[in-house]
Amino acid sequence: MKKIPPLARAYVAVVITATVVCALPLSWLSVNWQALFVLAALYAAMELLSSVFILRVRFTLGASVVLAGVVLLDPAAVAAMGLARAFIVTRNTKPLRSTFNGAVMGLSGAVSSAIYRALGGTAQLNPVNDPGAIWPALVAVLVFCVVNGLLVSGIMVTAEGMSFVEVWRTSLFKTMGTYLGFCLIGVMIAALWGALNA
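A few points on the structure. (Residues numbered from 1 in each chain as written. Predicted model: local features only at pLDDT ≥ 70, side-chain atom pairs only at ≥ 80, totals over all residues. Heavy atoms only, no water.)

1. Quick notes on the overall build of the chain
Okay, so step 1: Along the backbone of the chain there are seven helices and two strands.
Okay, so step 2: In the chain, the succession of α and β elements from N to C terminus is α-α-β-β-α-α-α-α-α.
Okay, so step 3: Considering the chain as a whole, with its 198 residues, one finds that 48% of them fall into the buried category.
Okay, so step 4: Relative to all contacts within the chain whose residues are 6 or more apart in sequence, the contacts with residues 24 or more apart total 73%.
Okay, so step 5: Here the chain displays about 10000 Å² of accessible surface, and carbon together with sulfur accounts for 71% of that area. (Helix = DSSP H or I, 4+ residues; strand = E, 2+ residues; numbered from the N terminus. Buried < 20%, exposed > 50% of the residue type's maximum accessible area, 1.4 Å probe, protein only. Contact = heavy atoms within 4.5 Å. Areas by Shrake-Rupley, 256 points an atom, 1.4 Å probe, with all protein chains shown as cover.)

2. Let's talk about the nonpolar core
Okay, so step 1: Within the largest apolar cluster, 31 residues are counted, with the highest numbers of intra-cluster contacts made by Leu36, Leu39, Val66, Leu73, Met81 and Tyr116.
Okay, so step 2: Sorting the residues of this core by element identifies helix 2 (33–49), helix 3 (62–72), helix 4 (75–83), helix 5 (95–118) and helix 6 (134–160) as the ones contributing at least two each.
Okay, so step 3: The leading source of residues in this core is helix 3, at eight residues.
Okay, so step 4: In contact with Leu36, not counting residues within four places along its chain, are Leu26, Val31, Leu73, Ala77 and Met81.
Okay, so step 5: Core analysis: the next-biggest nonpolar cluster, separate from the first, contains 20 residues, Ile16, Ala79, Val104 and Val143 among them. (Core = buried A, V, L, I, M, F, W, Y, C linked by side-chain atoms within 4.5 Å.)

3. Some thoughts on helix 4
For an α-helix, the turn length of 3.6 residues means that residues three or four places apart are oriented alike.
Okay, so step 1: Among the nine residues of helix 4, seven are classified as buried, and the element is accordingly described as predominantly covered.
Okay, so step 2: Buried residues belonging to helix 4 abut helix 1 (6–23), helix 2, helix 3 and helix 5.

4. Observations regarding the packing of aromatic side chains
Okay, so step 1: Taken as a whole and assessed by the stated rule, the structure comprises two aromatic pairs.
Okay, so step 2: Ring geometry for Tyr11 and Phe100: centres 6.1 Å apart, planes at 55 degrees, overall tilted. Pair noted here: Tyr11 is in helix 1 and Phe100 is in helix 5, with a separation of 89 residues, a long-range link. (Phe/Tyr/Trp six-rings, centres within 6.5 Å; stacked < 30°, edge-to-face > 60°.)

5. Description of the environment of Leu150
Okay, so step 1: Relative to the helices and strands, Leu150 is located in helix 6.
Okay, so step 2: Overall, Leu150 belongs to the partly exposed group, its relative accessible area being 41%.
Okay, so step 3: Each C-alpha atom, one on Leu150 and one on Ser108, is 9.4 Å from the other, the two residues being 42 residues apart in sequence.

6. Comments concerning the packing of helix 5 against helix 6
Okay, so step 1: Put simply, helix 5 and helix 6 touch, their axes get as near as 8 Å, and they point 145 degrees apart. In the crossing of helix 5 with helix 6, the sense of the turn from one axis to the other is right-handed. Taking contact as the criterion, the partners of Phe100, Val104, Met105, Leu107, Ser108, Gly109, Val111, Ser112, Ile115 and Tyr116 in helix 5 are, on helix 6, Pro136, Ala137, Val139, Ala140, Val143, Phe144, Val147, Asn148, Leu151, Val152 and Ile155.
Okay, so step 2: For the contact of helix 5 with helix 6, the residue count by class is 17 nonpolar, four polar and no charged. (Axes fitted to C-alpha atoms, helices over the stretch in contact; angles between N-to-C directions. Left-handed = near helix turned anticlockwise from the far one by under 90°. Nonpolar A, V, L, I, M, F, W, Y, C, P; charged D, E, K, R; others polar.)

7. Here we look at a nonpolar patch on the surface
Okay, so step 1: Side chains of Val20, Val21, Leu24, Trp28 and Leu29 sit close together on the surface and give an oily, nonpolar patch of about 490 Å² of accessible area.
Okay, so step 2: Along the chain, Val21 turns up in helix 1. (Patch = residues over 30% accessible without salt bridge, like charges linked within 9 Å, V, L, I, M, F, W, Y side chains within 5 Å. Salt bridge = Lys/Arg side-chain N within 4 Å of Asp/Glu carboxyl O.)

8. Examining the environment of Val14
Okay, so step 1: By the secondary structure assignment, Val14 is in helix 1.
Okay, so step 2: Measuring from C-alpha to C-alpha, the distance between Val14 and Ala103 comes to 9.9 Å, with 89 residues separating the pair along the chain.

9. Section: helix 2
Okay, so step 1: The first and last C-alpha atoms of helix 2 sit 24 Å apart over 17 residues, in line with the 24 Å expected at 1.5 Å per residue.
Okay, so step 2: Ala35, Leu36, Leu39, Ala40, Tyr43, Ala44, Met46 and Glu47 are the residues of helix 2 that are buried. The arc that holds every buried residue of helix 2, seen down its axis, measures 160 degrees, which confines them to one face. Facing away from the buried side of helix 2 by over 90 degrees, the exposed positions are Gln34, Phe37, Leu48 and Leu49. (Expected span 1.5 Å × (residues − 1). Arc of directions from axis to C-beta.)

10. Points about the packing of helix 4 against helix 5
Okay, so step 1: The N-to-C vectors of helix 4 and helix 5 enclose an angle of 165 degrees; their axes lie 7 Å apart at closest approach. By the criterion of interaxial angle, the relationship of helix 4 to helix 5 is roughly antiparallel. By crossing handedness, the relation of helix 4 to helix 5 is classed as right-handed. Judged by residue contacts, Pro75, Val78, Ala79, Gly82 and Leu83 of helix 4 engage Gly102, Ala103, Gly106, Gly109, Ala110, Ser113, Ala114 and Arg117 from helix 5.
Okay, so step 2: Looking at the contact of helix 4 with helix 5 residue by residue, the class counts come to seven nonpolar, five polar and one charged. (Parallel < 35°, antiparallel > 145°, perpendicular 65-115°, else oblique.)

Dropping the structure here:
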């Protein structure tokens, strides 16, 4: 097994700690616990059951579920939802990697959720009755992809010694269209959730 460099270990610890800190407000905020548990379970299932590798970057439908959470939940709940990934350990995935991957999703989702709400987005996304409501969601998707890309770049730079530019040029930039597509599915999930619960 490849040894993780000290700088990469420190980076992983910072990302996990930042995500846990983002989730701390759950202890005093009013949260839709039912939505959080359903989305966290769905996210965990998607992470366990579906994954595709494209140019050394792993994609799952879990990103779509996190994006649904960005619209439906507050930032703290989305951070906690991402941390659910820590409980999925398979033969091919080590606990630290699972926790880090979940923290990346949770932190990306928390930042996106904060931006979504700052732009006036609500949990009741209904682009049919209010076409302008889609813009905060689309900005949140873009923010999610950029933050996630930056966090993934950080681990590739610290663990594999790649340059930041090389990571974006060889892996992330080429896969951004696919990732955006996965994330837009999450916006559709949120819109359907809102329509069914209206």
